[in-house]
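Analysis of the macromolecular model
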Amino acid sequence: MTESEKEVMDIKVIATDMDGTLLDSRGQLDLPRLEKILNRLDQRGVRFVIATGNEVHRMRQLLGHLAERVVLVVANGARIFEHNKLLQAQTWDDAMVDRVLGHFKGRECQDQFVVTGMNGGFVKKGTIFTELDKFMTSEMIEKLYQRMHFVDEFDSSLFGGVLKMSMVVGEERSDAVLQEINDLFDGQIRAVSSGYGCIDILQTGIHKAWGLEKLLKRWSLKSEQIMAFGDSENDIEMLKLAGISYAMENAEESVKEVATGVAPANSQAGVYQVLENWLEKGE
């Protein structure tokens, strides 16, 4: 068996980010092409995991009938769904929720602040999202607004447990806000870029790789058996964990530095291309 054939045989999990990675530049999926890939992966006993900062509703909306066939690691690892059923959730300590909300009080609308909880997404009344058209269609943006709970004030009793928080601050302010958050909260909270001027605020140690490690344990697999794809800072731990990892051509430089290879850009269907070539090799 050649080294490349061995490589094909050993991979048992495909893990991919969504925005800027599997999704095209309009934030959409090629469902027929993905379904063909899933059929071929099923024949090989290879699992397909979507690891994303998004919440589960948007993933189900994008995937349609394919949501049953993939594993969803959402809110950057904080919630895991298999066959559309919740396997586990990791929520914040209420005292930390109050500290973070206290720090950003008065800036919620300006910073397009979102709290993602077990009860859904919460934003302050008056918030208008300004960057979403860079990676979502107008129909998706409309559905996002419909799904969000617009509230007068944030209160930890509303959320049913917080999974993550996020902000949209634009590319020009992104570095300064990341620094601000990462200098606060005794290192218990970590902020990472998720692309397009968006920031995810997470519990330290809870990330996509953390979610994947839970799945590896459940499936009795090793991290070397993962092939992963990503484009943003919130993908770095996942790419480091995987045996084979691809940064997208459109990825941030820090992401390319940790990956074992570079895939064509998301606008060129890079994930599909790499997987189709890899599947050809093994047939």
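Note: the structure precedes this text.
Summary of the structure given here. (Residues numbered from 1 in each chain as written. Predicted model: local features only at pLDDT ≥ 70, side-chain atom pairs only at ≥ 80, totals over all residues. Heavy atoms only, no water.)

1. A closer look at the sheet that holds strand β11 (residues 198–203)
In spatial order, the strands read β8-β7-β6-β9-β11-β10; together these 6 strands make up an open sheet with mixed pairing. Each end of this open sheet is capped by a strand with a single partner; those strands are β8 (149–151) and β10 (189–195). Sheet twist, expressed as the average angle between the axes of neighbouring strands with direction ignored, equals 25°. Two elements, β10 and β11, share 6 bridges in a ladder whose sense is antiparallel. Note that in β11 the partner of Ala 191 across the bridge is Ile 201. Each of β6 (114–117), β9 (162–168) and β10 touches helix α5 (residues 94–103); the most contacted strand, β9, lies at about 15° to it. (Pairing = 2+ DSSP bridges. Helix = DSSP H or I, 4+ residues; strand = E, 2+ residues; numbered from the N terminus. Axes fitted to C-alpha atoms, helices over the stretch in contact; angles between N-to-C directions. Contact = heavy atoms within 4.5 Å.)

2. As for the pairing of strand β3 (residues 71–74)
Look at any regular strand and the pattern is simple: side chains alternate between the two faces of the sheet. The alternating pattern of β3 places Val 71 and Val 73 and Leu 72 and Val 74 on opposite faces, both of which are buried. Bridge analysis of strand β2 (residues 47–51) against β3 gives 3 bridges, and the strand direction is parallel. Residue Ala 51 lies in a different strand from β3, and its bridge partner there is Val 73. Of the crossover connections in this fold, the one passing from β2 over helix α4 (residues 56–63) to the parallel β3 is right-handed. Relative to strand β4 (residues 79–82), β3 runs antiparallel, the two sharing 4 bridges. Within the sheet, the bridge partner assigned to Val 74 lies in β4 and is Arg 79. (Buried < 20%, exposed > 50% of the residue type's maximum accessible area, 1.4 Å probe, protein only. Right-handed = clockwise from strand over helix to strand, strands pointing away.)

None of this, on its own, says anything about what the molecule does.
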